[in-house]
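Geometric and topological summary
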Amino acid sequence: MNHKPQKLYIATFGCQMNDRDSEIMAQLLADDYQPTSDLDQADMVIVNTCSIRAKAEQKAFSLLGALRKYKKTRPKMIIAATGCVAQQDGNKIFSRMNHVDLVIGPQSIYRLPELTGKLKEKRKKIDCTKFSKSFVIPPFLPDINSGLPHKRFVTIMQGCNNYCTYCIVPYVRGREISRLAADIIAEVKHLVAHGIREVTLLGQNVNSYGNDQKGEFPGFPQLLRQVAAIKGVERLRFTTSNPKDLSDELIACFADLDNLCSHFHLPVQSGSNLILKRMNRKYTIEKYLEQVEKLRRARADIVLTTDIIVGFPGENEDDFAATMKLLETLRYHSSFSFIYSSRPPARSCEFTDTIAEEIKKERLARYQARQKEITLERHHEYVGRIMEIMVEGESRNRTGQWCGRTTGNQIVNFDSQENLAPGLIFEVKITEACFNSLRAVRVAD
Ligand code: SAH
Ligand code: SF4
Ligand code: F3S
(Lines give C-alpha, C1' and ligand atoms only; values in the text may rest on other atoms or scores of the structure.)
(Ligands and ions follow the chains in the order given, each with its own letter.)
Protein backbone atom coordinates (compact mmCIF):
# COMPACT_ATOMS: atom_id res chain seq x y z
CA MET A 1 0.00 0.00 0.00
CA ASN A 2 1.21 3.45 -0.83
CA HIS A 3 0.52 5.84 2.06
CA LYS A 4 2.11 8.92 0.56
CA PRO A 5 -0.71 11.44 -0.03
CA GLN A 6 -1.32 11.94 -3.70
CA LYS A 7 -1.49 15.47 -5.09
CA LEU A 8 -4.13 16.93 -7.38
CA TYR A 9 -3.62 19.97 -9.61
CA ILE A 10 -6.72 21.49 -11.21
CA ALA A 11 -6.59 24.20 -13.89
CA THR A 12 -9.95 25.84 -14.50
CA PHE A 13 -10.91 27.84 -17.57
CA GLY A 14 -14.21 29.51 -18.44
CA CYS A 15 -17.24 30.45 -16.42
CA GLN A 16 -18.33 30.20 -12.79
CA MET A 17 -20.06 26.93 -13.60
CA ASN A 18 -16.66 25.47 -14.35
CA ASP A 19 -15.29 27.00 -11.13
CA ARG A 20 -18.01 25.23 -9.19
CA ASP A 21 -17.45 21.96 -11.07
CA SER A 22 -13.74 22.12 -10.21
CA GLU A 23 -14.61 22.48 -6.52
CA ILE A 24 -16.91 19.47 -6.79
CA MET A 25 -14.21 17.37 -8.50
CA ALA A 26 -11.63 18.28 -5.84
CA GLN A 27 -14.10 17.26 -3.15
CA LEU A 28 -14.98 13.99 -4.88
CA LEU A 29 -11.32 13.03 -4.99
CA ALA A 30 -10.44 14.33 -1.52
CA ASP A 31 -10.09 10.84 0.01
CA ASP A 32 -7.19 10.06 -2.29
CA TYR A 33 -5.82 13.42 -3.39
CA GLN A 34 -4.84 16.65 -1.70
CA PRO A 35 -4.83 19.85 -3.75
CA THR A 36 -1.57 21.38 -4.94
CA SER A 37 -0.80 24.51 -6.93
CA ASP A 38 2.54 23.07 -8.04
CA LEU A 39 2.42 21.04 -11.25
CA ASP A 40 5.75 19.43 -10.41
CA GLN A 41 4.17 17.86 -7.34
CA ALA A 42 1.03 16.61 -9.09
CA ASP A 43 0.08 12.93 -9.32
CA MET A 44 -3.13 13.84 -11.10
CA VAL A 45 -3.93 16.87 -13.27
CA ILE A 46 -7.42 17.94 -14.28
CA VAL A 47 -7.74 20.51 -17.06
CA ASN A 48 -11.29 21.82 -16.78
CA THR A 49 -11.75 23.41 -20.18
CA CYS A 50 -13.92 26.08 -21.80
CA SER A 51 -14.88 26.25 -25.40
CA ILE A 52 -16.86 29.49 -25.61
CA ARG A 53 -14.40 31.23 -27.97
CA ALA A 54 -11.57 29.84 -30.09
CA LYS A 55 -9.02 31.45 -27.75
CA ALA A 56 -10.42 29.65 -24.70
CA GLU A 57 -10.12 26.35 -26.51
CA GLN A 58 -6.53 27.12 -27.56
CA LYS A 59 -5.60 27.88 -23.93
CA ALA A 60 -6.92 24.50 -22.83
CA PHE A 61 -5.04 22.65 -25.55
CA SER A 62 -1.85 24.51 -24.89
CA LEU A 63 -1.91 23.45 -21.21
CA LEU A 64 -2.84 19.88 -22.16
CA GLY A 65 0.03 19.92 -24.68
CA ALA A 66 2.49 21.20 -22.08
CA LEU A 67 1.62 18.25 -19.85
CA ARG A 68 3.19 15.83 -22.33
CA LYS A 69 6.65 16.43 -20.95
CA TYR A 70 5.47 15.90 -17.35
CA LYS A 71 3.98 12.57 -18.32
CA LYS A 72 7.25 11.54 -19.98
CA THR A 73 9.23 11.95 -16.78
CA ARG A 74 6.39 10.74 -14.53
CA PRO A 75 4.44 8.11 -16.46
CA LYS A 76 2.13 7.37 -13.53
CA MET A 77 0.67 10.87 -13.60
CA ILE A 78 -3.05 10.83 -14.47
CA ILE A 79 -4.19 13.52 -16.88
CA ALA A 80 -7.90 14.28 -17.23
CA ALA A 81 -9.56 16.69 -19.63
CA THR A 82 -12.97 17.81 -18.38
CA GLY A 83 -15.40 20.61 -19.22
CA CYS A 84 -16.70 21.89 -22.52
CA VAL A 85 -13.79 21.11 -24.86
CA ALA A 86 -13.74 17.57 -23.46
CA GLN A 87 -17.44 17.25 -24.17
CA GLN A 88 -17.03 18.70 -27.64
CA ASP A 89 -14.08 16.59 -28.80
CA GLY A 90 -14.61 13.39 -26.79
CA ASN A 91 -12.17 10.64 -27.68
CA LYS A 92 -10.68 12.72 -30.52
CA ILE A 93 -8.61 14.30 -27.75
CA PHE A 94 -6.74 10.98 -27.34
CA SER A 95 -5.53 10.96 -30.92
CA ARG A 96 -4.33 14.55 -30.69
CA MET A 97 -2.92 14.18 -27.15
CA ASN A 98 -2.05 10.56 -26.46
CA HIS A 99 -0.78 11.41 -22.97
CA VAL A 100 -4.34 12.27 -21.81
CA ASP A 101 -5.96 9.40 -19.83
CA LEU A 102 -9.49 10.57 -19.10
CA VAL A 103 -11.94 12.69 -21.09
CA ILE A 104 -15.00 13.52 -19.00
CA GLY A 105 -17.97 15.67 -19.96
CA PRO A 106 -19.68 18.09 -17.54
CA GLN A 107 -22.55 15.69 -16.80
CA SER A 108 -20.16 12.95 -15.73
CA ILE A 109 -17.94 14.73 -13.22
CA TYR A 110 -19.73 12.98 -10.36
CA ARG A 111 -18.36 9.69 -11.67
CA LEU A 112 -14.76 10.90 -11.37
CA PRO A 113 -13.69 8.63 -8.46
CA GLU A 114 -15.19 5.58 -10.17
CA LEU A 115 -13.57 6.44 -13.52
CA THR A 116 -10.19 7.16 -11.92
CA GLY A 117 -10.39 3.82 -10.13
CA LYS A 118 -11.22 2.03 -13.36
CA LEU A 119 -8.34 3.71 -15.14
CA LYS A 120 -5.87 2.64 -12.45
CA GLU A 121 -7.16 -0.91 -12.58
CA LYS A 122 -7.32 -1.43 -16.31
CA ARG A 123 -4.74 1.11 -17.53
CA LYS A 124 -7.02 1.91 -20.45
CA LYS A 125 -8.06 5.40 -21.53
CA ILE A 126 -11.66 6.37 -20.77
CA ASP A 127 -13.95 8.71 -22.68
CA CYS A 128 -17.11 9.51 -20.72
CA THR A 129 -18.96 12.20 -22.64
CA LYS A 130 -22.41 10.81 -23.43
CA PHE A 131 -25.38 12.93 -22.38
CA SER A 132 -28.10 11.03 -20.60
CA LYS A 133 -31.74 12.02 -20.93
CA SER A 134 -32.44 10.82 -17.41
CA PHE A 135 -29.55 12.73 -15.81
CA VAL A 136 -30.37 14.28 -12.44
CA ILE A 137 -27.95 16.68 -10.74
CA PRO A 138 -27.04 14.77 -7.57
CA PRO A 139 -27.65 16.24 -4.13
CA PHE A 140 -24.20 17.08 -2.91
CA LEU A 141 -23.12 19.00 0.17
CA PRO A 142 -20.11 21.23 -0.43
CA ASP A 143 -16.88 20.95 1.50
CA ILE A 144 -16.63 23.83 3.94
CA ASN A 145 -12.96 23.29 4.76
CA SER A 146 -11.66 24.12 1.33
CA GLY A 147 -12.60 27.16 -0.71
CA LEU A 148 -13.63 30.65 0.34
CA PRO A 149 -14.86 31.03 3.92
CA HIS A 150 -17.51 33.67 3.18
CA LYS A 151 -19.09 33.18 -0.24
CA ARG A 152 -19.92 30.29 -2.56
CA PHE A 153 -21.55 29.39 -5.85
CA VAL A 154 -24.56 27.09 -5.92
CA THR A 155 -25.46 25.47 -9.23
CA ILE A 156 -29.22 25.48 -9.77
CA MET A 157 -29.34 24.13 -13.32
CA GLN A 158 -27.18 22.76 -16.07
CA GLY A 159 -27.25 23.15 -19.84
CA CYS A 160 -29.10 25.53 -22.09
CA ASN A 161 -31.99 25.22 -24.56
CA ASN A 162 -31.66 28.54 -26.28
CA TYR A 163 -29.43 28.03 -29.27
CA CYS A 164 -28.28 31.60 -29.73
CA THR A 165 -26.72 31.22 -33.16
CA TYR A 166 -23.16 32.10 -32.08
CA CYS A 167 -23.09 29.91 -28.99
CA ILE A 168 -21.53 26.52 -28.37
CA VAL A 169 -22.98 26.05 -24.87
CA PRO A 170 -26.15 24.06 -25.77
CA TYR A 171 -23.95 21.60 -27.69
CA VAL A 172 -21.41 21.10 -24.93
CA ARG A 173 -23.58 21.38 -21.83
CA GLY A 174 -26.64 19.66 -23.16
CA ARG A 175 -30.31 20.36 -22.57
CA GLU A 176 -31.49 22.39 -19.60
CA ILE A 177 -31.81 20.38 -16.42
CA SER A 178 -33.01 22.10 -13.26
CA ARG A 179 -31.93 20.86 -9.91
CA LEU A 180 -34.51 19.96 -7.29
CA ALA A 181 -35.38 23.03 -5.22
CA ALA A 182 -35.10 20.94 -2.03
CA ASP A 183 -31.48 20.05 -2.91
CA ILE A 184 -30.63 23.69 -3.61
CA ILE A 185 -32.18 24.81 -0.33
CA ALA A 186 -30.37 22.04 1.57
CA GLU A 187 -27.06 23.13 0.03
CA VAL A 188 -27.60 26.79 0.92
CA LYS A 189 -28.64 25.87 4.48
CA HIS A 190 -25.52 23.75 4.84
CA LEU A 191 -23.38 26.67 3.63
CA VAL A 192 -24.86 29.28 5.96
CA ALA A 193 -24.75 26.87 8.89
CA HIS A 194 -20.98 26.85 8.33
CA GLY A 195 -20.53 30.60 8.16
CA ILE A 196 -21.01 31.34 4.46
CA ARG A 197 -22.73 34.73 4.13
CA GLU A 198 -23.10 35.20 0.37
CA VAL A 199 -24.39 32.78 -2.25
CA THR A 200 -24.59 33.12 -6.02
CA LEU A 201 -27.11 30.91 -7.81
CA LEU A 202 -25.69 29.65 -11.09
CA GLY A 203 -27.17 28.66 -14.43
CA GLN A 204 -26.73 29.63 -18.10
CA ASN A 205 -30.21 31.09 -18.07
CA VAL A 206 -31.55 31.11 -14.54
CA ASN A 207 -34.79 32.72 -15.75
CA SER A 208 -35.95 29.44 -17.21
CA TYR A 209 -35.26 27.51 -14.00
CA GLY A 210 -37.92 24.83 -13.52
CA ASN A 211 -39.33 25.01 -17.06
CA ASP A 212 -37.79 21.65 -17.97
CA GLN A 213 -39.47 19.86 -15.07
CA LYS A 214 -43.02 18.67 -14.81
CA GLY A 215 -45.21 18.97 -11.73
CA GLU A 216 -44.56 20.98 -8.60
CA PHE A 217 -41.48 23.03 -9.39
CA PRO A 218 -41.01 26.66 -8.43
CA GLY A 219 -40.13 29.21 -11.08
CA PHE A 220 -36.90 31.17 -10.64
CA PRO A 221 -38.49 34.13 -8.78
CA GLN A 222 -40.11 31.71 -6.30
CA LEU A 223 -36.83 29.86 -5.83
CA LEU A 224 -35.05 33.16 -5.25
CA ARG A 225 -37.58 34.11 -2.58
CA GLN A 226 -37.15 30.74 -0.87
CA VAL A 227 -33.37 31.08 -0.80
CA ALA A 228 -33.53 34.72 0.31
CA ALA A 229 -35.69 33.64 3.28
CA ILE A 230 -33.01 31.29 4.61
CA LYS A 231 -31.64 32.77 7.81
CA GLY A 232 -27.98 33.65 7.42
CA VAL A 233 -28.06 34.48 3.70
CA GLU A 234 -26.77 38.03 4.01
CA ARG A 235 -26.18 38.52 0.32
CA LEU A 236 -27.80 36.73 -2.59
CA ARG A 237 -26.75 36.96 -6.25
CA PHE A 238 -27.49 35.06 -9.43
CA THR A 239 -26.09 34.69 -12.91
CA THR A 240 -26.84 34.56 -15.85
CA SER A 241 -30.09 35.88 -17.11
CA ASN A 242 -31.20 35.92 -20.74
CA PRO A 243 -33.35 39.05 -21.25
CA LYS A 244 -35.87 37.10 -23.33
CA ASP A 245 -37.16 35.36 -20.19
CA LEU A 246 -36.78 38.16 -17.66
CA SER A 247 -40.14 38.34 -15.92
CA ASP A 248 -41.88 41.06 -13.93
CA GLU A 249 -41.95 38.60 -11.01
CA LEU A 250 -38.14 38.52 -11.02
CA ILE A 251 -37.96 42.31 -11.20
CA ALA A 252 -40.36 42.48 -8.24
CA CYS A 253 -37.83 40.47 -6.18
CA PHE A 254 -35.51 43.50 -6.34
CA ALA A 255 -38.19 45.66 -4.75
CA ASP A 256 -39.03 43.09 -2.07
CA LEU A 257 -35.86 41.25 -1.04
CA ASP A 258 -33.37 43.25 1.02
CA ASN A 259 -30.64 40.63 0.83
CA LEU A 260 -30.84 40.37 -2.98
CA CYS A 261 -27.78 42.31 -4.14
CA SER A 262 -28.11 45.47 -6.23
CA HIS A 263 -26.46 44.03 -9.29
CA PHE A 264 -27.99 42.73 -12.48
CA HIS A 265 -25.85 41.16 -15.18
CA LEU A 266 -28.08 41.33 -18.23
CA PRO A 267 -26.17 40.34 -21.37
CA VAL A 268 -27.52 42.27 -24.36
CA GLN A 269 -24.90 41.15 -26.97
CA SER A 270 -25.81 43.89 -29.50
CA GLY A 271 -27.73 47.15 -29.73
CA SER A 272 -29.08 46.35 -33.19
CA ASN A 273 -32.41 44.58 -33.60
CA LEU A 274 -31.27 43.11 -36.91
CA ILE A 275 -28.24 41.51 -35.31
CA LEU A 276 -30.24 40.35 -32.27
CA LYS A 277 -32.61 38.61 -34.64
CA ARG A 278 -29.76 36.87 -36.46
CA MET A 279 -28.33 35.90 -33.08
CA ASN A 280 -31.69 34.31 -32.22
CA ARG A 281 -31.85 36.25 -28.98
CA LYS A 282 -35.65 36.65 -29.16
CA TYR A 283 -35.92 40.18 -27.72
CA THR A 284 -35.73 43.66 -29.19
CA ILE A 285 -33.79 46.62 -27.87
CA GLU A 286 -37.08 48.36 -27.11
CA LYS A 287 -38.12 45.43 -24.91
CA TYR A 288 -34.70 45.36 -23.24
CA LEU A 289 -34.82 49.10 -22.47
CA GLU A 290 -38.25 48.66 -20.97
CA GLN A 291 -36.94 45.89 -18.69
CA VAL A 292 -34.03 48.02 -17.52
CA GLU A 293 -36.39 50.88 -16.76
CA LYS A 294 -38.54 48.55 -14.65
CA LEU A 295 -35.46 47.23 -12.87
CA ARG A 296 -34.29 50.74 -12.07
CA ARG A 297 -37.74 51.57 -10.78
CA ALA A 298 -37.64 48.51 -8.51
CA ARG A 299 -34.10 49.27 -7.29
CA ALA A 300 -32.86 52.79 -8.06
CA ASP A 301 -29.20 52.06 -7.25
CA ILE A 302 -28.96 48.82 -9.24
CA VAL A 303 -25.60 48.22 -10.92
CA LEU A 304 -26.19 47.09 -14.48
CA THR A 305 -23.55 45.12 -16.36
CA THR A 306 -23.65 43.30 -19.68
CA ASP A 307 -21.94 41.16 -22.31
CA ILE A 308 -21.32 42.48 -25.82
CA ILE A 309 -20.23 40.69 -28.99
CA VAL A 310 -18.75 42.88 -31.73
CA GLY A 311 -18.27 41.81 -35.33
CA PHE A 312 -21.08 39.26 -35.54
CA PRO A 313 -21.57 38.28 -39.24
CA GLY A 314 -23.43 41.03 -41.07
CA GLU A 315 -22.76 43.70 -38.42
CA ASN A 316 -22.36 46.95 -40.39
CA GLU A 317 -21.39 50.40 -39.07
CA ASP A 318 -25.04 51.24 -38.35
CA ASP A 319 -25.48 48.09 -36.29
CA PHE A 320 -22.34 48.83 -34.35
CA ALA A 321 -23.42 52.47 -33.89
CA ALA A 322 -26.62 51.09 -32.32
CA THR A 323 -24.50 49.17 -29.79
CA MET A 324 -22.53 52.33 -28.99
CA LYS A 325 -25.80 54.24 -28.64
CA LEU A 326 -27.12 51.65 -26.21
CA LEU A 327 -23.99 52.08 -24.11
CA GLU A 328 -24.60 55.86 -24.03
CA THR A 329 -28.25 55.39 -23.14
CA LEU A 330 -27.85 52.84 -20.34
CA ARG A 331 -24.34 53.77 -19.20
CA TYR A 332 -23.50 50.23 -18.07
CA HIS A 333 -21.35 50.17 -14.96
CA SER A 334 -19.12 47.73 -16.80
CA SER A 335 -19.26 45.18 -19.60
CA PHE A 336 -17.53 42.08 -20.80
CA SER A 337 -17.01 42.65 -24.51
CA PHE A 338 -15.77 40.09 -27.00
CA ILE A 339 -14.84 39.77 -30.64
CA TYR A 340 -17.17 37.33 -32.36
CA SER A 341 -15.59 33.90 -32.67
CA SER A 342 -16.93 31.25 -35.01
CA ARG A 343 -17.74 28.07 -33.03
CA PRO A 344 -18.86 25.07 -35.07
CA PRO A 345 -21.43 23.54 -34.86
CA ALA A 346 -23.12 26.78 -33.68
CA ARG A 347 -25.31 27.97 -36.54
CA SER A 348 -23.67 31.33 -37.24
CA CYS A 349 -20.63 29.46 -38.62
CA GLU A 350 -22.63 29.09 -41.79
CA PHE A 351 -23.25 32.84 -42.12
CA THR A 352 -21.05 34.01 -44.96
CA ASP A 353 -21.09 37.79 -44.41
CA THR A 354 -18.24 37.67 -41.91
CA ILE A 355 -16.47 40.79 -40.70
CA ALA A 356 -12.76 41.43 -41.28
CA GLU A 357 -10.54 40.91 -38.24
CA GLU A 358 -9.19 44.53 -38.28
CA ILE A 359 -12.73 45.92 -38.25
CA LYS A 360 -13.71 43.67 -35.35
CA LYS A 361 -10.64 44.75 -33.39
CA GLU A 362 -11.22 48.41 -34.09
CA ARG A 363 -14.88 48.16 -32.96
CA LEU A 364 -13.93 46.32 -29.80
CA ALA A 365 -11.33 48.97 -28.97
CA ARG A 366 -13.91 51.75 -29.56
CA TYR A 367 -16.47 50.03 -27.35
CA GLN A 368 -14.01 49.29 -24.57
CA ALA A 369 -12.53 52.81 -24.56
CA ARG A 370 -15.96 54.37 -24.13
CA GLN A 371 -17.02 51.83 -21.51
CA LYS A 372 -13.86 52.58 -19.56
CA GLU A 373 -14.72 56.29 -19.47
CA ILE A 374 -18.30 55.57 -18.40
CA THR A 375 -17.16 53.17 -15.67
CA LEU A 376 -14.92 55.90 -14.27
CA GLU A 377 -17.71 58.49 -14.50
CA ARG A 378 -20.02 56.08 -12.69
CA HIS A 379 -17.37 55.49 -10.02
CA HIS A 380 -17.02 59.27 -9.52
CA GLU A 381 -20.75 59.44 -8.72
CA TYR A 382 -20.07 57.31 -5.62
CA VAL A 383 -17.42 59.61 -4.12
CA GLY A 384 -18.63 61.02 -0.80
CA ARG A 385 -21.31 58.35 -0.44
CA ILE A 386 -21.67 55.89 2.41
CA MET A 387 -21.78 52.32 1.09
CA GLU A 388 -22.04 48.91 2.67
CA ILE A 389 -19.25 46.48 1.83
CA MET A 390 -18.45 42.86 2.54
CA VAL A 391 -14.80 42.16 3.37
CA GLU A 392 -12.99 39.96 0.85
CA GLY A 393 -9.53 39.92 2.39
CA GLU A 394 -6.21 41.65 2.80
CA SER A 395 -4.15 42.61 -0.23
CA ARG A 396 -1.40 40.12 -0.99
CA ASN A 397 0.97 42.90 -1.95
CA ARG A 398 0.46 45.38 0.88
CA THR A 399 -0.22 44.69 4.54
CA GLY A 400 -2.87 46.95 5.96
CA GLN A 401 -4.60 47.36 2.58
CA TRP A 402 -7.94 45.56 2.45
CA CYS A 403 -10.49 44.81 -0.19
CA GLY A 404 -14.27 44.50 -0.04
CA ARG A 405 -17.25 44.47 -2.38
CA THR A 406 -20.34 46.61 -2.54
CA THR A 407 -23.71 44.98 -3.05
CA GLY A 408 -23.30 46.11 -6.67
CA ASN A 409 -20.19 43.87 -6.74
CA GLN A 410 -17.74 46.75 -7.13
CA ILE A 411 -14.30 46.39 -5.59
CA VAL A 412 -13.55 48.78 -2.72
CA ASN A 413 -10.03 49.17 -1.30
CA PHE A 414 -9.47 50.57 2.16
CA ASP A 415 -6.84 50.64 4.90
CA SER A 416 -7.21 48.83 8.19
CA GLN A 417 -4.73 47.88 10.86
CA GLU A 418 -7.28 45.50 12.34
CA ASN A 419 -7.45 41.89 11.24
CA LEU A 420 -10.83 41.57 9.48
CA ALA A 421 -12.65 38.32 8.78
CA PRO A 422 -13.77 37.76 5.18
CA GLY A 423 -17.56 38.12 5.07
CA LEU A 424 -17.71 40.93 7.62
CA ILE A 425 -20.17 43.62 6.51
CA PHE A 426 -19.85 47.32 7.44
CA GLU A 427 -20.16 50.80 6.05
CA VAL A 428 -17.44 52.82 4.37
CA LYS A 429 -17.25 56.30 2.88
CA ILE A 430 -16.05 56.40 -0.70
CA THR A 431 -13.11 58.78 -1.10
CA GLU A 432 -11.74 58.11 -4.56
CA ALA A 433 -12.77 56.67 -7.92
CA CYS A 434 -10.40 54.52 -10.00
CA PHE A 435 -11.03 52.64 -13.26
CA ASN A 436 -11.41 49.19 -11.72
CA SER A 437 -12.20 49.99 -8.12
CA LEU A 438 -13.19 52.53 -5.49
CA ARG A 439 -11.19 53.73 -2.48
CA ALA A 440 -12.84 54.26 0.87
CA VAL A 441 -12.40 54.83 4.59
CA ARG A 442 -14.22 52.85 7.23
CA VAL A 443 -17.05 54.73 8.94
CA ALA A 444 -16.96 54.49 12.75
CA ASP A 445 -19.83 52.31 14.07
N1 SAH B 1 -25.84 32.27 -20.86
C2 SAH B 1 -25.34 33.58 -20.96
C3 SAH B 1 -24.03 33.67 -21.71
C4 SAH B 1 -22.96 32.70 -21.42
S5 SAH B 1 -21.58 32.78 -22.43
C6 SAH B 1 -26.39 34.43 -21.70
O7 SAH B 1 -27.21 33.94 -22.42
O8 SAH B 1 -26.32 35.62 -21.56
C9 SAH B 1 -20.87 34.31 -21.89
C10 SAH B 1 -20.70 35.33 -22.99
O11 SAH B 1 -19.76 34.89 -23.95
C12 SAH B 1 -21.95 35.59 -23.81
O13 SAH B 1 -22.84 36.45 -23.16
C14 SAH B 1 -21.38 36.20 -25.06
O15 SAH B 1 -21.24 37.61 -24.94
C16 SAH B 1 -20.00 35.57 -25.16
N17 SAH B 1 -19.95 34.62 -26.26
C18 SAH B 1 -20.63 33.47 -26.39
N19 SAH B 1 -20.34 32.88 -27.58
C20 SAH B 1 -19.47 33.71 -28.22
C21 SAH B 1 -18.82 33.66 -29.48
N22 SAH B 1 -19.04 32.67 -30.33
N23 SAH B 1 -17.98 34.67 -29.80
C24 SAH B 1 -17.78 35.70 -28.94
N25 SAH B 1 -18.36 35.78 -27.74
C26 SAH B 1 -19.20 34.81 -27.37
FE1 SF4 C 1 -25.39 30.53 -25.09
FE2 SF4 C 1 -27.65 31.79 -25.56
FE3 SF4 C 1 -27.61 29.68 -23.94
FE4 SF4 C 1 -26.52 31.96 -23.16
S5 SF4 C 1 -28.69 31.63 -23.60
S6 SF4 C 1 -25.63 29.93 -22.97
S7 SF4 C 1 -25.68 32.76 -25.05
S8 SF4 C 1 -27.20 29.68 -26.13
FE1 F3S D 1 -17.10 27.98 -21.27
FE2 F3S D 1 -18.56 25.87 -21.03
FE3 F3S D 1 -18.80 27.86 -19.30
S4 F3S D 1 -18.02 26.85 -22.91
S5 F3S D 1 -18.33 29.64 -20.56
S6 F3S D 1 -17.02 26.60 -19.58
S7 F3S D 1 -20.42 26.55 -20.05
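Calculation rules
- Residues numbered from 1 in each chain as written.
- Chains lettered and ligands numbered in written order.
- Predicted model: local features only at pLDDT ≥ 70, side-chain atom pairs only at ≥ 80, totals over all residues.
- Heavy atoms only, no water.
- Core = buried A, V, L, I, M, F, W, Y, C linked by side-chain atoms within 4.5 Å.
- Buried < 20%, exposed > 50% of the residue type's maximum accessible area, 1.4 Å probe, protein only.
- Helix = DSSP H or I, 4+ residues; strand = E, 2+ residues; numbered from the N terminus.
- Contact = heavy atoms within 4.5 Å.
- Axes fitted to C-alpha atoms, helices over the stretch in contact; angles between N-to-C directions.
- Parallel < 35°, antiparallel > 145°, perpendicular 65-115°, else oblique.
- Left-handed = near helix turned anticlockwise from the far one by under 90°.
- Nonpolar A, V, L, I, M, F, W, Y, C, P; charged D, E, K, R; others polar.
- Pairing = 2+ DSSP bridges.
- Domains from an automatic or database assignment.
- Buried area = accessible area lost by both parts, 1.4 Å probe.
- Near = heavy atom within 4 Å.
- Polar contact = N/O pair within 3.5 Å; in protein donor to acceptor, adjacent residues only side chain to side chain.
- Areas by Shrake-Rupley, 256 points an atom, 1.4 Å probe, with all protein chains shown as cover.

Structural notes on the nonpolar core
Within the largest apolar cluster, 65 residues are counted, with the highest numbers of intra-cluster contacts made by Leu201, Phe220, Phe238 and Phe264. Top element by residues in this core is helix 7 (residues 181–193). It accounts for six residues. Once residues lying within four places of it in the same chain are set aside, the contact partners of Leu201 are Val154, Ile156, Val206, Phe220, Leu223, Leu224, Val227, Leu236, Arg237, Phe238 and Thr239. Core analysis: the second largest hydrophobic core is formed by 24 residues, Val47, Tyr70, Phe94 and Val103 among them.

As for the environment of Gly203
Relative to the elements of secondary structure, Gly203 occurs in the loop between strand 10 (198–202) and helix 8 (220–228). In sequence terms Gly203 and Met17 are 186 residues apart; their C-alpha atoms lie 7.4 Å from each other. Once you skip the residues sitting within four places of it in the chain, Gly203 turns out to touch Met17, Met157, Thr239 and Thr240.

Re the packing of helix 7 against helix 8
Two numbers describe how helix 7 lies on helix 8: the axes approach to 10 Å, and their chain directions differ by 30°. As far as their axial angle goes, helix 8 and helix 7 are roughly parallel. The way helix 7 lies across helix 8 gives a crossing that is right-handed. Packed against helix 7, whose contacting residues are Ala181, Ile184, Ile185 and Val188, the element helix 8 presents Leu223, Gln226 and Val227 at the interface. Residues belonging to the contact of helix 7 with helix 8 are distributed by class as follows: six nonpolar, one polar and no charged.

Looking at the sheet that holds strand 17 (residues 411–415)
Pairing is mixed around the closed barrel formed by five strands, whose spatial order is 15-16-17-19-18. With direction set aside, neighbouring strand axes in the sheet form an average angle of 50°. By the bridge criterion, five bridges tie strand 15 (residues 386–394) to strand 18 (residues 425–433) in an arrangement that is antiparallel. Note on strand 18: the bridge partner recorded for Ile389 is Phe426. Set on the sheet, helix 13 (residues 357–382) makes contact with strand 15, strand 18 and strand 19 (438–442); between it and strand 18 the angle comes to about 120°.

Focus on the domain arrangement of the protein chain
When the domains of the protein chain are assigned, the result is domain 1 (6–128), domain 2 (136–261), domain 3 (289–381) and domain 4 (386–442). At the junction of the two partners, domain 3 supplies seven residues and domain 4 supplies eight residues. Overall, the association of domain 3 and domain 4 removes approximately 690 Å² of surface from exposure, summing both partners, and the carbon and sulfur fraction of that is 69%. Of all residues in domain 3, the largest losses of buried area upon contact with domain 4 belong to Val303, Leu376 and His379, amounting jointly to 68% of the total for that side.

Overview of the pairing of strand 10
Of all five residues making up strand 10, five are buried, and the element is well covered by its neighbours. In strand 10, alternate side chains face the same way, and those of Glu198, Thr200 and Leu202 on one face and Val199 and Leu201 on the other are all buried. Relative to strand 10, strand 7 (residues 151–155) runs parallel, the two being bridged by five bridges. The partner of Thr155 across the bridge, within strand 10, is Leu202.

A word on the site of ligand 1
Neighbouring ligand 1 are 15 residues, the closest being Tyr166, Gln204, Gln269, Asp307 and Ser341. Within the backbone of Gln204, a nitrogen or oxygen atom sits 2.7 Å from a nitrogen atom of ligand 1. With respect to ligand 1, the backbone of Ser341 contributes an N or O atom lying 2.8 Å from a nitrogen atom. Surface burial for ligand 1 is 90%, taken as the share of its 540 Å² of free accessible area covered by protein chains. When residues of the shell around ligand 1 are traced back to their parent elements, those giving at least two are strand 13 (303–310) and strand 14 (334–339).

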